[in-house]
Structures are given as structure tokens and as C-alpha cells.
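Each chain, written out:
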Amino acid sequence: MELDAIDRQLLNLLQANALLTVRELAERVHLSITPVHDRIKKLENQKIIEKYVALVDRKRIGRGMMVYCFVTLDKQRQESFQEFNEAIRKLPEVLECSVVSGNFDYLLKVIVADMEAYNTFYQSKLSVLSSVSHMSSSFVMEEVKSTTLIGL
């Protein structure tokens, strides 16, 4: 779908604050309520807007440690990838999991309370997966930029 300037404005506004009402959105993009409502429904139906969420401050809920974990599988077989993918989807500590190129097969973004919690996660949930051959962890010392906004 080709996005016009109004669609882009709406998406930017909703990314910044999904609680804006249709009336507030209409005022900001200088349209009436009905066309704005129709545009939003179209964006939702076409899965450009996937869902609406509340962003939680992880530190305020006791998940102060962020770790990037690089994982290599034992064998480069479809079954190994499928097994690993299924297992990772069940782990609430893993916020993101991507298949990557280079020296590792996967990059995981993990949040936990502290080093002890990460050690428990690492030893009892990640390293026990039969398809895992090697893991390497990098601990985030400071977040320079963290956003969910996709600039349009």
C-alpha cells in the first residue's frame, strides 16, 4: 500500500501516543473525524498497524539488566532452527530474537532483574536447549537510544 502524507502523519501520531482519540487525530491532521477513522481502519485492516501496546519501563518493574546474547546452533539444519525458534518463543525473558548473518546464528535481546537472574536464565533455560552449541553474552551498560518509533 502506498502511504500518503496524511497516513504518515497519522502513523507518526499514533506511534507517539496511541491513546489519542480520533477527534484529536483529526484536529492534528486537519481532516474531519470520519475520514480519519476510515484511514485508521484501513491501516489496521492492511496490517500496517499491527496492534496497540503500552510500553513499560523495565527498570521500574525490576528488570534492570539488559543482555544481548549471541547463539550458535550445533547443526545448520532446518530442524535445529525450528526447535530453537519454538523454545525461544516460550521464554518471557527474551524480548527479541533475530536470525543473523556472521559468526552467530541468532541475536537475542534479554531482560532480567540482575546478574544472578541472567545466570539462572543462561544455565537453566538457554544452555539446556539441545540445538545450542555456543553462546556469548554482552551486557548493556547504558542505553543511548531506545525507541519504538519508525519515522515516516
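Everything quoted here is computed from the prediction, not taken from an experiment.

Participant: Is there a simple way to explain helix 1 (residues 5–16) in this structure?
Facilitator: For the α-helix, the turn length of 3.6 residues means that residues three or four positions removed from each other point alike. Look at helix 1: 17 Å from first C-alpha to last across 12 residues, which is about the 16 Å you get at 1.5 Å a residue. Within helix 1, the full set of buried residues consists of Ile6, Asp7, Leu10, Leu11, Leu13 and Leu14. All buried residues of helix 1 fall inside an arc of 165° around its axis, so they share one side. Turned more than 90 degrees away from the buried face of helix 1 sit Ala5 and Ala16, all of them exposed. Where helix 1 begins, the side chain of Asp4 points an oxygen toward the backbone nitrogen of Ile6, at a separation of 3.1 Å.

Participant: Quick question: what am I supposed to make of the state of the cysteines here?
Facilitator: Should the sulfur atoms of two cysteines be covalently bonded, the bond is a disulfide. Per the counting criterion, the structure on display carries 0 disulfides. Here Cys97 stays free of any disulfide, with the sulfur of Cys69 as its closest cysteine sulfur at 9.8 Å.

Participant: Quick question: what am I supposed to make of the side chain of Ser131 here?
Facilitator: Relative to the helices and strands, Ser131 resides in the loop between helix 5 (115–126) and strand 4 (132–139). With relative accessibility at 2%, the residue Ser131 sits in the buried group.

Scoring rules and cut-offs
- The residue numbers shown here count from 1 along each chain, following its written sequence.
- With the structure being a predicted model, the display of local features is reserved for residues of pLDDT at least 70 and the display and counting of side-chain atom pairs for 80 or more, all residues being used for whole-chain, interface and lining totals.
- Think of the side-chain values as coming from all heavy atoms in the structure, minus any hydrogens and water.
- Only DSSP runs of H or I covering at least 4 residues are called helices, and only runs of E covering at least 2 are called strands; the numbering of each starts at the N terminus.
- A helix is expected to span 1.5 Å multiplied by its residue count minus one.
- Only protein chains enter the accessibility calculation, which uses a 1.4 Å probe; a residue is then buried when its area is under 20% of its type maximum, exposed when over 50%, and partly exposed in between.
- Think of the arc as the fan of directions from the helix axis to the C-beta atoms.
- As used in this structure description, the phrase polar contact means that two N or O atoms lie within 3.5 Å; if the pair is within protein, one of them must be able to donate a hydrogen and the other to accept it, and residues adjacent in sequence are counted only when both atoms belong to side chains.
- The disulfide criterion used throughout: a pair of cysteine sulfur atoms within 2.5 Å.

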